[in-house]
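# Secondary and tertiary structure notes
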Amino acid sequence: MTGNNVNVEKYVIKKAPPTVYYIPDFITREEESHLLNKIYSVPKPKWTQLSNRKLQNWGGIPHPKGMIAEKLPEWLDTYLERINQLGVFESVKPNHVLINEYLAGQGIMPHFDGPLYYPTISTISCGSHTILNFYEPDRTSEGSEVCSIFVDARSLLILQDDMYEKYVHGISSKTDDTLSSDILNCCSSSPNQMLNRSTRVSLTIRHVPKTTKFTIKT
Ligand SMILES: O=C(O)CCC(=O)C(=O)O
Ligand SMILES: [Fe+2]
């Protein structure tokens, strides 16, 4: 895989199943606050409230019959372009962003992202760290993680291959995390340190291959 500017290969987490890249400080603090300002200044109806988090969908609604693609605003497109430069999406450009807001104590149930997206997930995190857990699809209870990844604010995480297709991923609903050597990319210098979560806003950036210009008749 060849990136134009950044060599992503040096960010691969070798202890994890293939393939996960973790790039700390992918965005600056200024970029993080700018993104958060933009995200929180959208009109209220742009948010969808779920029971355990809220979200914004940008780029269109993915659908098995094709997504009616919507142009992304400039403030998002610039990050899609930057991720595109890494070469991880190969010849396609990401065209879809899901923004999730998790308050401390909120999470997301283990799930597959599924076939509607090109098999690469990239995620920019703002506001707080979290821990992303990976499980065998039929074994998702706490304690049976295949592995866990520390995902800090301002980082970029990229998942492909088995980490996308074979294992489900989720975030437990906790207000704090104890760092331990079970977490693959952290934290030999600070074992058993406890970190409080605050509000985390993640931007899940993907490519939806099937798009249509036409309204779908039902
Ligand atoms: O917030 C995250 O990092 C994970 C989000 C996620 O799994 C998803 O949007 O499918
Ligand atoms: Fe996901």
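Below or above, wherever it landed, is the structure these notes cover. Predicted model only: the values in this text are computed from it and were never measured. (Residues numbered from 1 in each chain as written. Chains lettered and ligands numbered in written order. Predicted model: local features only at pLDDT ≥ 70, side-chain atom pairs only at ≥ 80, totals over all residues. Heavy atoms only, no water.)

### Notes on the coordination of the iron ion (ligand 2)
As a benchmark, a tetrahedral metal site with four donors has ideal angles of 109.5 degrees, while an octahedral site with six donors has ideal angles of 90 or 180 degrees. Spelled out, the test is: Donor atoms (N, O, S) are those found within 2.8 Å of the metal centre, with the cutoff raised to 3.2 Å for Na, K and Ca; water is not part of the atom list, so apparent gaps in a site can occur. For helices the rule is a DSSP run of H or I covering at least 4 residues; for strands it is a run of E covering at least 2, with both sets numbered from the N terminus onward. For each residue, the accessible area found with a 1.4 Å probe, counting protein chains only, is set against the maximum for its type, and the residue is called buried under 20%, exposed over 50%, and partly exposed in between.
Ligation of the iron ion (ligand 2) by protein atoms is provided by His111 (NE2), Asp113 (OD) and His169 (NE2), these donors lying 2.0 to 2.2 Å from the ion. Mapping the donors of the iron ion (ligand 2) onto the primary sequence gives the spacing H-x1-D-x55-H. Of this pair, Asp113 sits in the loop between β6 (108–111) and β7 (120–126) while His169 sits in strand β11 (residues 168–171); the two residues are 56 residues apart in sequence, bridging distant segments of the chain. One exposure class covers both Asp113 and His169, and it is buried.

### With respect to the sheet that holds strand β5 (residues 96–102)
Across a sheet, paired strands are connected by hydrogen bonds in the backbone, their directions being either parallel or antiparallel. Quick note on the threshold: In this scheme, strands are said to pair when DSSP sees at least two bridges between them. Here, two residues are considered to be in contact whenever any of their heavy atoms come within 4.5 Å of each other. Each axis is a line fitted through C-alpha atoms, taken for helices only over the stretch in contact, and angles between the N-to-C directions span 0 to 180 degrees.
In space, the seven strands of this open sheet follow the order β1-β10-β7-β14-β5-β3-β2, with antiparallel pairing throughout. Either end of the sheet is taken by a strand with one partner, and the two such strands are β1 (20–23) and β2 (48–49). Pairing between strand β3 (residues 54–58) and β5: five bridges, direction antiparallel. Note on β5: the bridge partner recorded for Trp58 is Val97. Each of β3, β5, β7 and β14 (200–206) touches helix α1 (residues 29–40); the most contacted strand, β14, lies at about 90 degrees to it. The strands that helix α2 (residues 74–84) touches are β3, β5, β7, β10 (156–160) and β14; relative to β5, the one it contacts most, it runs at about 110 degrees.

### Side note on the packing of aromatic side chains
For clarity, the threshold we go by: Stacked, edge-to-face and tilted are the three classes for Phe, Tyr and Trp ring pairs, Trp counted by its six-membered ring, which pair at centre distances within 6.5 Å; planes under 30 degrees apart are stacked, over 60 edge-to-face, the rest tilted. We count a charge as sitting over a ring when the NZ of a lysine or the CZ of an arginine lies within 6 Å of the ring centre and within 35 degrees of the ring normal.
Per the stated rule, a full pass over the model turns up two aromatic pairs. Aromatic side chains Trp58 and Trp75 sit 5.5 Å apart centroid to centroid with 85 degrees between the ring planes, which places their arrangement in the edge-to-face category. Taken together, the positions of Trp58 in strand β3 and Trp75 in helix α2 put the pair 17 residues apart, joining distant regions of the chain. Assessed through its relative accessible area of 13%, Trp75 is described here as buried. Lying across the ring of Tyr117, Arg206 places its NZ or CZ 3.8 Å from the centre.

### A word on the side chain of Thr120
Selection rule: Any pair of N or O atoms that falls within 3.5 Å is considered a polar contact. Within protein, one atom must be able to donate a hydrogen and the other to accept it, and sequence-neighbouring residues count only if both atoms are side-chain atoms.
Relative to the elements of secondary structure, Thr120 occurs in strand β7. A relative accessible area of 1% means that Thr120 is categorised as buried. Only 3.0 Å separates the side chain of Thr120 from the side chain of Gln160, close enough to count as a polar contact. Among all residues touching Thr120, those that are not within four sequence positions of it are Val88, Phe89, Ile158, Leu159, Gln160, Tyr164, Ile205 and Arg206.

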